[in-house]
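The chain contents come next:
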Amino acid sequence: IINHVRLLCKLKNYALDVIATHSLGEYHSNFWLANLGAVIFIRNAISPNFAAQLRAQGIPCVSIAYDYFPAPINMVCSNNRQGIKLAFEHLIAKGHSRIAFIGDLTQYDLRKRYEAYCEEHTRHNLPLDEELCFFTQNTTYLGGFNAATDYVKRDCDATAVIAAAGLLAEGF
């Protein structure tokens, strides 16, 4: 994502400063505020309180794939619902009916994918079985590996798996 933003800023001749915050709530610096024209948050880059502070100071803000509610910050994300619908329909067409889900529900976009996964079960008249759900602590390769370990321990009978993030799929 950041490389696309960097390219667009270069094409438009906009200045771009990138700050790696590592996770929610670790960054609270007011140092750059006087020089900011706008801020793009990628996922949970800053705390909701700091995001609300930026908006209160009149700095335009956009969040990518993280909901800073109740702060009035616009959000951009993928069409999670449509993606899961297409994946589910493909798996159903291939004869699968026991479809597992792997994801970290603390992440906005993955939570929306899980909600769509549940809706697809209803739409296809399939029972929603908790034994087919593997909730991870993160979206990394290790999260997928831990889900796979749990899958084997449970002796899961799923015939297909929807991993809500790419690294989870790799780890699984």
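Structure's up top.
The structure contained in this document is the topic of the report that follows. For every chain, the first residue of the written sequence is number 1, and numbering continues from 1 along that sequence. For a predicted model such as this one, the threshold for reporting local features is a pLDDT of at least 70, and the threshold for listing and counting side-chain atom pairs is 80 or more; totals across whole chains, interfaces and linings nevertheless cover every residue. Side-chain measures here rest on the full set of heavy atoms in the structure, leaving out hydrogens and waters.

## Quick look at the layout of surface pockets
Inference 1: Here the largest pocket is characterised by a volume of approximately 1000 Å³.
Inference 2: Counting from the N terminus, the helices are DSSP H or I runs at least four residues long and the strands are E runs at least two residues long. Among the elements of the structure, helix H1 (2-12), strand S1 (39-42), helix H2 (48-56) and strand S2 (61-64) are those that each provide at least two residues to the lining of the largest pocket.
Inference 3: By residue number, the principal contributor to the lining of the largest pocket is S1, which donates four residues.
Inference 4: Following the grouping adopted for this structure description, the nonpolar residues are Ala, Val, Leu, Ile, Met, Phe, Trp, Tyr, Cys and Pro, the charged ones are Asp, Glu, Lys and Arg, and the polar ones are all others, Gly among them. Tallied by class, residues from the lining of the largest pocket come to 27 nonpolar, eight polar and two charged. Only protein atoms enter the 1 Å grid, on which a cavity is a set of points fitting a 1.4 Å probe that cannot get out and a pocket is an open set with protein on both sides within 12 Å along at least 5 of 7 lines, lining residues being those with an atom within 4 Å of a point. Grid points are joined across faces, edges and corners, and a volume is the space filled by probe spheres set on the points.

## Topic: unusual backbone geometry
Inference 1: Of the consecutive residues Phe-69 and Pro-70, the connecting peptide bond is found in the cis state with omega at 10°.
Inference 2: Looking at where Pro-70 falls in the secondary structure, it is placed in the loop between S2 and strand S3 (74-76).
Inference 3: The phi dihedral of Asp-155 is positive, around 55°, even though this residue is not glycine.
Inference 4: Structurally, Asp-155 can be placed in the loop between helix H5 (141-154) and strand S6 (160-163).

## Here's the deal with helix H4 (residues 108-123)
Inference 1: The terminal C-alpha atoms of H4, which comprises 16 residues, lie 22 Å apart, in line with the 22 Å expected from a rise of 1.5 Å per residue.
Inference 2: To sort residues, take the accessible area from a 1.4 Å probe on protein chains only and compare it with the maximum for the residue type: under 20% means buried, over 50% means exposed, and anything in between is partly exposed. For H4, the full list of buried residues reads Tyr-108, Asp-109, Leu-110, Arg-113, Tyr-114, Ala-116, Tyr-117, Cys-118, Glu-120 and His-121.
Inference 3: Whether two residues touch is decided by their heavy atoms; if any such pair falls within 4.5 Å, the residues are in contact. Lining the buried residues of H4 we find S3, helix H3 (80-93), strand S4 (99-103), strand S5 (133-135), S6 and helix H6 (166-171).
Inference 4: Immediately beyond the C-terminal end of H4, within one or two residues, lies Asn-125, with a positive phi of roughly 55°. Take the number of residues in a helix, subtract one, and multiply by 1.5 Å to get its expected span.

## Details of the pairing of S2
Inference 1: Here S1 pairs with S2 via four bridges, running parallel. Counted as the bridge partner of Phe-41 is Ser-63 from S2.
Inference 2: Classification remark: right-handed applies to a crossover when, strands pointing away from the viewer, the course from the first strand over the helix to the second runs clockwise. Read from S1 through H2 to S2, the crossover connection turns out right-handed.
Inference 3: Where S2 lies against S3, three bridges are found, and the strand directions are parallel. Each bridged residue has a counterpart across the sheet, and for Ser-63 the counterpart in S3 is Met-75. Should DSSP find at least two bridges between two strands, the strands are regarded as paired.

## Examining the nonpolar core
Inference 1: Core analysis: the biggest nonpolar cluster contains 25 residues, and Ile-99, Tyr-117, Phe-134 and Ile-162 have the highest contact counts within it.
Inference 2: When residues of this core are assigned to their parent elements, the largest contribution, five residues, is made by H4.
Inference 3: Setting aside chain neighbours within four positions, we find Phe-134 in contact with Ala-100, Phe-101, Ile-102, Gly-103, Ala-147, Asp-150, Tyr-151, Arg-154 and Cys-156.
Inference 4: We define a nonpolar core as any set of buried Ala, Val, Leu, Ile, Met, Phe, Trp, Tyr and Cys residues linked to one another through side-chain atoms lying within 4.5 Å. Formed by 15 residues, the second largest nonpolar core is a distinct cluster that contains Tyr-27, Phe-41, Ala-51 and Ile-73.

## With respect to the side chain of Thr-136
Inference 1: Positionally, Thr-136 belongs in the loop between S5 and H5.
Inference 2: For this analysis, a polar contact is any N or O atom pair within 3.5 Å, provided that within protein one partner can donate a hydrogen and the other can accept it, and provided that sequence-adjacent residues contribute only side-chain to side-chain pairs. A polar side-chain atom of Thr-136 sits 3.3 Å from the main-chain amide nitrogen of Asp-104.
Inference 3: Here Thr-136 is in contact with Ile-102, Gly-103, Asp-104, Gly-143, Ala-147 and Leu-168, once residues within four sequence places are set aside.

None of the figures reported here should be taken as evidence of function without further support.
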